[in-house]
Number of protein chains: 2
Amino acid sequence: MSRAWGANGVPALSSGARPDEVRRHNRAALLRRLHVAGPCTRATLAAELGLNRSTIKAVVDGLAESGVVTEAVPVQRSGAGRPSLMVIPDPEAAAVLAVDIRVEQVAMALVGIGGQILGRHSWNLHRATRTPGEVITHIAESAQLLVEEVAVPARGVGVSVPGVVRRADGWVHEAPNLGWRDVALGERLGAVLKLPVQVANDAELGALAEHVRGNARELTDIVYISAERGVGGGVISGGAPLRGTRGYVGELGHIPVRPDGRPCYCGSRGCWETEVGEAALCRALGLPESSARGVIVAELRSLAANPMPGPLDEYVEWLIAGLVGVVNMMAPEMVVLGDLFTALPGPVVDHVRRQVHERSLVSRAIGGTRIEISPLGRDAKLVGAAELAFEPVLGAV
Amino acid sequence: MSRAWGANGVPALSSGARPDEVRRHNRAALLRRLHVAGPCTRATLAAELGLNRSTIKAVVDGLAESGVVTEAVPVQRSGAGRPSLMVIPDPEAAAVLAVDIRVEQVAMALVGIGGQILGRHSWNLHRATRTPGEVITHIAESAQLLVEEVAVPARGVGVSVPGVVRRADGWVHEAPNLGWRDVALGERLGAVLKLPVQVANDAELGALAEHVRGNARELTDIVYISAERGVGGGVISGGAPLRGTRGYVGELGHIPVRPDGRPCYCGSRGCWETEVGEAALCRALGLPESSARGVIVAELRSLAANPMPGPLDEYVEWLIAGLVGVVNMMAPEMVVLGDLFTALPGPVVDHVRRQVHERSLVSRAIGGTRIEISPLGRDAKLVGAAELAFEPVLGAV
């Protein structure tokens, strides 16, 4: 993955390389712009990519000939003169498979250029169907069905896994909540799907999704935190994903927040995950720990209009503690709360915002870290997996 | 500061630029290699910089003419043939002023190429002399004295401050343990010293020093943590300093580790700093909180050969908690413990190493984060300040 993500990920080339390289490069840059930011006029493309109109015309004509884009005359609102043609990518011209492997469910989608979901498929996991072999077989079958249903072939695959993943070859070192360890997921999926497969940590893909298609599109320093069974976090720093030794990303769910908290499978106790994950939220709400998502969300909705102080007080305290740590360590412009956190009542989120700001030296120094609810909700990791798959594909359409 | 630090910070150019640019670039790259890694043969320079021997000869001859390097025939150990000449930088050919502003002391040094300290000066601070105006005046006087004493002019200044600093102009947003807020330190020092001044956070400079001259020279992902009055941390990720929004670095000393800990001036309580800073160590040792450094170190030395379990148990627990958080978040190859932490008894450090590994999922995933005592000790930030000042200087010698 390149260091830079988003609309400006691939700067246009205009000189200094061979003509065919320049053409390919400009084509990919233009397609990436359309993919990320949607249809726009030739004039806008020229301005944003820093290319002259004749170059834009040549690239667009080429893409139109291959059926990747169409052009249309926009409805004119004002002014005289010939309107600039709108360039509209065809979602079906190039699609990828996105796979979000969660603890209780696998969600898949066939996603077209521009991020449009062309088809979806999902199934629940339980103990017997959660093995790597079963999951891989089911993914292969569903991929076949999806592609037949939509009648658009996939050109690549992106997979989100809640665990520690080696990006180079999609090796899953450990996905504790799935019970997986040392799974050659990238290689095995590639063998059955006969497509290039990329695998990444779920929270990292959540951060990518928020950066490309969420509220954090214009920002370079963000943290995405989400809870389902586990708690994970992805960091984008200076516009690029933060990675550590040999490309492994950190595990924000395992920062210690509560010294007398519950033992965690990781060998520590009172991890952020044990204190603010799904089970902890169930305990706070007086629900059984394995309650269905719908039950948890309904219970949150049934709370008083302003439930603080109330049953969530202690839960929220651990959420704040972890957020203060993350903000003080990373100095992000925005923290995006994803997945289960999106169901937290508004007044609770407001309380969290105020407290994190009051208790974080760094938030005050940088003029305030914004804390926002993910607009992508449960789809964030699926959207991120699609973007992961699109990165090499857009250069080759 | 460039994204890449260390010996390979400036790759050699051999084509594609104007001849005078190429010469200047190669000269800076060669000088940086000598500065960071010390004297070496022309053959080594050629191999490491990827330049042919005639180019190396031209650059070295130019530097020798200006007196920046000398050449010598090395003592020959084996083999026949003419030996490659050793190229030795002259420390006095270009020097910088390094300033380490600490809570109780300011340390200054005039540092030559290669990192050699040519002269030193320091003075203690107390309430009346800790104001920005007093400190700036004293720095200017000491700079004058140092330069006269050593008879080598300074070409730039690097300053380490224990606080939140805006790198672009050396604005100190807040240095709480100094009692400073909104100080235009870079501008004011530049005006009195008539030299380019760069200011950075102390922990960031500690990380830079360990990366350029400490144990972490070959590593790309490291965290430096140090304690004096406050606790600070600097992160190098992918070979470059980790910064957040608008270049501000995080404040690792303010991650919450102990929910029932002491209130911190930052608005939170039980910060890493309040639990493992100098005052906390004094409390653990049964000393008054404002004990002199020498008294603290003597007390640590007087502990039993293996003082765990013992008086440090609880202190060490908070040290471990913070380290587990940092390792899980950043996935570093090495954590370097600096300053006051270097006085911790060996068995205590061994215990910390084992516990962090056992309690950190990420340490295990990446094959073990090394936890090391800083070889630079109390000088780390001063060394880092010199490197900060050298960065622009080496390109202009």
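Identification of chain A as Sugar kinase of the NBD/HSP70 family, may contain an N-terminal HTH domain from Pseudonocardia thermophila is taken from an unreviewed UniProt entry.

**Student:** Give a description of the sheet that holds strand β10 (residues 180-183) of chain A that names residues and reports values.
**Tutor:** Residues and elements named next belong to chain A. Strand order across the open sheet formed by three strands is β8-β9-β10, with antiparallel pairing between neighbours. Single-partner strands in this sheet number two, and they are β8 (164-166) and β10. Pairwise comparison of adjacent strand axes, ignoring direction, gives a mean angle of 15° for this sheet. Bridge count between strand β9 (residues 171-175) and β10: three bridges; the pairing is antiparallel. When the sheet's bridge partners are listed, Ala 175 is paired in β10 with Trp 180.

**Student:** Explain the sheet that holds strand β5 (residues 105-112) of chain B to me, and be specific about the residues and the numbers.
**Tutor:** To summarise the sheet geometry, strands pair through backbone hydrogen bonds and adopt either a parallel or an antiparallel arrangement. All names here are of chain B. Taking strand neighbours across the sheet as the criterion, the five strands line up as β6-β5-β4-β7-β11 in an open arrangement whose pairing is mixed. Only two strands of the sheet have a single partner each, and these edge strands are β6 (117-124) and β11 (197-201). Across the sheet, the axes of successive neighbouring strands diverge by a mean angle of 15°, strand direction being ignored. Bridge analysis of strand β4 (residues 95-101) against β5 gives seven bridges, and the strand direction is antiparallel. In the sheet register, Ile 101 faces β5, and the bridge partner there is Val 106. Contacts from helix α6 (residues 202-213) reach β7 (154-161) and β11 within the one sheet, and its direction differs from that of β11 by about 95°.

**Student:** Explain the interface of chain A and chain B to me, and be specific about the residues and the numbers.
**Tutor:** Each partner contributes residues to the interface: chain A has 42 residues there, and chain B has 42 residues. Carbon and sulfur atoms make up 64% of the surface buried where chain A meets chain B, a total of about 3,500 Å² over both sides. Of all residues in chain A, Thr 245, Met 329 and Leu 361 of chain A give up the largest surface area on contact with chain B, accounting jointly for 20% of the area buried on that side. Linking chain A with chain B are zero salt bridges. The greatest single-element share of the side of chain A that touches chain B, amounting to eight residues, is contributed by helix α10 (residues 313-330) of chain A. Here the residues of the side of chain A that touches chain B sort into 21 nonpolar, 11 polar and 10 charged.

**Student:** Go over the pattern of salt bridges with me, naming the residues and quoting the values.
**Tutor:** Note on pairing: side chains with opposite charge can pair once their charged atoms come close. The tally for this structure, following the rule as stated, stands at 54 salt bridges over all chains. The salt bridge partner of Arg 166 of chain A is Asp 169 of chain A, with a shortest N-O separation of 2.9 Å. For the salt bridge of Glu 228 of chain B with Arg 102 of chain B, the shortest nitrogen-to-oxygen distance reads 3.6 Å. Taken together, the positions of Glu 228 of chain B in the loop between β12 (222-227) and β13 (231-237) and Arg 102 of chain B in the loop between β4 and β5 put the pair 126 residues apart, joining distant regions of the chain. Comparing Glu 228 of chain B with Arg 102 of chain B, the two get one shared label, buried.

**Student:** Any chance you could break down the relation of the copies chain A and chain B for me, citing the residues and the numbers?
**Tutor:** Mapping chain A onto chain B calls for a screw motion: a turn of 180° about the axis and a shift of 0.0 Å along it, with 0.0 Å RMSD after fitting. What we have between these two chains is a two-fold relation. Looking at the rotation axis and the C-alpha trace of chain A, the residue lying nearest is Val 257 of chain A, at 3.1 Å. In this assembly the copies share their binding face: 100% of the residues contributing to the interface of chain A also contribute to that of chain B.

**Student:** If you had to explain the pairing of β7 of chain B to someone new, which residues and values would you point to?
**Tutor:** All names here are of chain B. By the criterion of burial, β7 is predominantly enclosed, with seven of the eight residues buried. Two strands pair when backbone bridges link them, and β4 and β7 are joined in this way by five bridges, in the parallel orientation. Considered in β7, the bridge of Ala 98 is made with Gly 158. Pairing of β7 with β11, which is carried by five bridges, proceeds in the parallel orientation. Bridge pairing in β11 places Val 159 opposite Val 199.

**Student:** Summarise the side chain of His 35 of chain B; cite the residues concerned and give the values.
**Tutor:** Residues and elements named next belong to chain B. You can see His 35 is positioned in helix α1 (residues 19-37). On the basis of relative accessible area, His 35 is assigned to the buried category, the value being 1%. Within the structure, the side chain of His 35 is placed 2.9 Å from the side chain of Glu 387, a separation counted as a polar contact. If near-sequence neighbours (up to four positions away) are discounted, His 35 is found in contact with Gly 112, Ile 113, Gly 114, Gly 115, Arg 213, Glu 387, Phe 390 and Leu 394.

**Student:** Got a sec to walk through the side chain of Thr 274 of chain A? Specific residues and values, please.
**Tutor:** Here Thr 274 of chain A lies in helix α7 (residues 272-276). For Thr 274 of chain A, a relative accessible area of 14% puts it in the buried group.

**Student:** Talk me through helix α5 (residues 185-193) of chain B; I want residue IDs and the actual numbers.
**Tutor:** All names here are of chain B. Buried within α5 are the following residues: Leu 185, Gly 186, Leu 189 and Leu 193. Taken end-on, α5 shows its buried residues confined to a sector of 95°, consistent with a single buried face. Next to the buried residues of α5 lie β4, α4 (132-150), β7, β9 (171-175), β10 (180-183) and β11. In the segment just after α5, Lys 194 is the residue with positive phi, at about 55°.

**Student:** Describe the environment of Val 397 of chain B, and please don't skip the residues or the numbers.
**Tutor:** Residues and elements named next belong to chain B. As for its position among the elements, Val 397 is in the segment after α13 (380-394). Remark: the alpha-carbon pair of Val 397 and Asp 100, spanning 297 residues in sequence, is separated by 24 Å. Once residues within four sequence positions are removed from consideration, Val 397 is found in contact with Arg 27, Leu 31, Val 68, Ala 94 and Arg 155.

**Student:** Go over the domain arrangement of chain A with me, naming the residues and quoting the values.
**Tutor:** Residues and elements named next belong to chain A. Here the domain parsing of chain A yields domain 1 (19-89), domain 2 (93-205 + 380-394) and domain 3 (215-375). Here domain 1 and domain 2 have C-alpha centroids that lie 31 Å from each other. Each partner contributes residues to the interface: domain 1 has seven residues there, and domain 2 has nine residues. When residues of domain 1 are sorted by the area they lose upon contact with domain 2, Leu 31, Arg 32 and His 35 head the list and together hold 70% of the total. Viewed at the interface, domain 2 and domain 1 are joined by zero salt bridges. With four residues, helix α1 (residues 19-37) is the largest single contributor of residues to the side of domain 1 that touches domain 2.

How each quantity is defined
What you see as residue numbers is a count from 1 along each chain, following the sequence as written. Chains and ligands are labelled sequentially in the order written, the chains with letters from A and the ligands with numbers from 1. Reporting in this predicted model follows two pLDDT cut-offs: at least 70 for local features of residues, and 80 or more for side-chain atom pairs to be given and counted; totals over whole chains, interfaces and linings ignore these cut-offs and use all residues. Excluding hydrogens and water, the side-chain figures rest on all heavy atoms present in the structure. Pairs of strands are assigned from DSSP output, requiring at least two bridges between the strands. Only DSSP runs of H or I reaching four residues or more are called helices, and only runs of E reaching two or more are called strands; each is numbered from the N terminus. Axis definition: a line fitted to C-alpha atoms, limited for helices to the stretch in contact. Angles are taken between N-to-C directions and run from 0 to 180 degrees. Whether two residues are in contact is decided by their heavy atoms: any pair within 4.5 Å suffices. Once two parts are put together, the accessible area they lose, assessed with a 1.4 Å probe and summed over both, is termed the buried area. Put simply, a salt bridge is a Lys or Arg side-chain nitrogen that is within 4 Å of an Asp or Glu carboxyl oxygen. Each residue gets one of three labels, nonpolar for Ala, Val, Leu, Ile, Met, Phe, Trp, Tyr, Cys and Pro, charged for Asp, Glu, Lys and Arg, and polar for the others, Gly among them. The cut-offs for exposure are 20% and 50% of the maximum accessible area for each residue type, with area from a 1.4 Å probe on protein chains only; residues under the lower value are buried, those over the upper are exposed, and the others partly exposed. To superpose the copies, least squares is applied to the C-alpha atoms of every residue with a pLDDT of at least 70 in both. Side-chain atoms alone can form a polar contact between residues adjacent in sequence; in general such a contact is a pair of N or O atoms within 3.5 Å, and within protein one must be able to donate a hydrogen while the other accepts it. Regarding the arc, it is the one traced by the directions from the helix axis to the C-beta atoms. Note that the domain bounds reflect an automated or database-derived domain assignment.

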